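Chain by chain, the residues run as shown.
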Amino acid sequence: MIQDTGIGMTEDELSRLGTAFYSLKERGTGMGLMVCYQIVERMKGHIKVSSKKGEGTTFEIMVPLLIEGSE
């Protein structure tokens, strides 16, 4: 879990996270978070994001635990 107390995001901004070329940064490309989503997806996990404008954002990154010998 990664949490901040920054400016937060609106529902519209949240819905566009992880898409190519979408960034809230002045000089951002939007590719970094897209790659993160793809990596977690390939690991059969998911990313949950919650945010409130003016209060901050929380990213929860969940991936399944691999227990040796359980395959």
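Shown above is the structure to which this text applies.
Residues numbered from 1 in each chain as written. Predicted model: local features only at pLDDT ≥ 70, side-chain atom pairs only at ≥ 80, totals over all residues. Heavy atoms only, no water.

(A) Region of the structure containing the nonpolar core. Counting residues in each nonpolar core, the largest one holds 6 residues, listed as Met 9, Leu 14, Leu 17, Val 40, Ile 47 and Phe 59. Apart from the residues lying within four places of it in its own chain, the contact partners of Ile 47 are Cys 36, Tyr 37, Val 40, Phe 59, Glu 60 and Ile 61. (Core = buried A, V, L, I, M, F, W, Y, C linked by side-chain atoms within 4.5 Å. Buried < 20%, exposed > 50% of the residue type's maximum accessible area, 1.4 Å probe, protein only. Contact = heavy atoms within 4.5 Å.)

(B) How the structure looks around the pattern of salt bridges. This model, assessed by the stated rule, comprises 3 salt bridges. Lys 48 is the partner of Glu 60 in a salt bridge, and the nearest nitrogen-oxygen pair spans 3.9 Å. Taken together, the positions of Glu 60 in strand β3 (residues 56-62) and Lys 48 in strand β2 (residues 46-52) put the pair 12 residues apart, joining distant regions of the chain. Residue classification places Glu 60 among the partly exposed residues on the basis of a relative accessible area of 21%. Between Lys 52 and Glu 55 there is a salt bridge, and its shortest N-O distance comes to 3.8 Å. Accessibility assignment for this pair places Lys 52 and Glu 55 in one class, exposed. (Salt bridge = Lys/Arg side-chain N within 4 Å of Asp/Glu carboxyl O. Helix = DSSP H or I, 4+ residues; strand = E, 2+ residues; numbered from the N terminus.)

(C) Layout of a nonpolar patch on the surface. Together, Ile 2, Val 35, Ile 39, Met 43, Ile 61 and Val 63 give the surface a local cluster of nonpolar side chains, amounting to about 520 Å² of exposed area. Turning to its location among the elements, Ile 2 is positioned in strand β1 (residues 2-3). By relative accessible area, which is 52% here, Ile 2 ends up exposed. (Patch = residues over 30% accessible without salt bridge, like charges linked within 9 Å, V, L, I, M, F, W, Y side chains within 5 Å. Areas by Shrake-Rupley, 256 points an atom, 1.4 Å probe, with all protein chains shown as cover.)

(D) Representation of the pairing of β3. Examined bridge by bridge, β1 and β3 share 2 bridges and lie antiparallel to one another. The residue of β3 that forms the bridge with Gln 3 is Thr 58. Summarising the sheet, β2 and β3 pair through 7 bridges and their orientation is antiparallel. The partner of Ser 50 across the bridge, within β3, is Thr 58. Taking the residues between adjacent antiparallel strands as the criterion, β2 and β3 are bridged by 3 residues, where Gly 54 takes a positive phi near 85°. (Pairing = 2+ DSSP bridges.)

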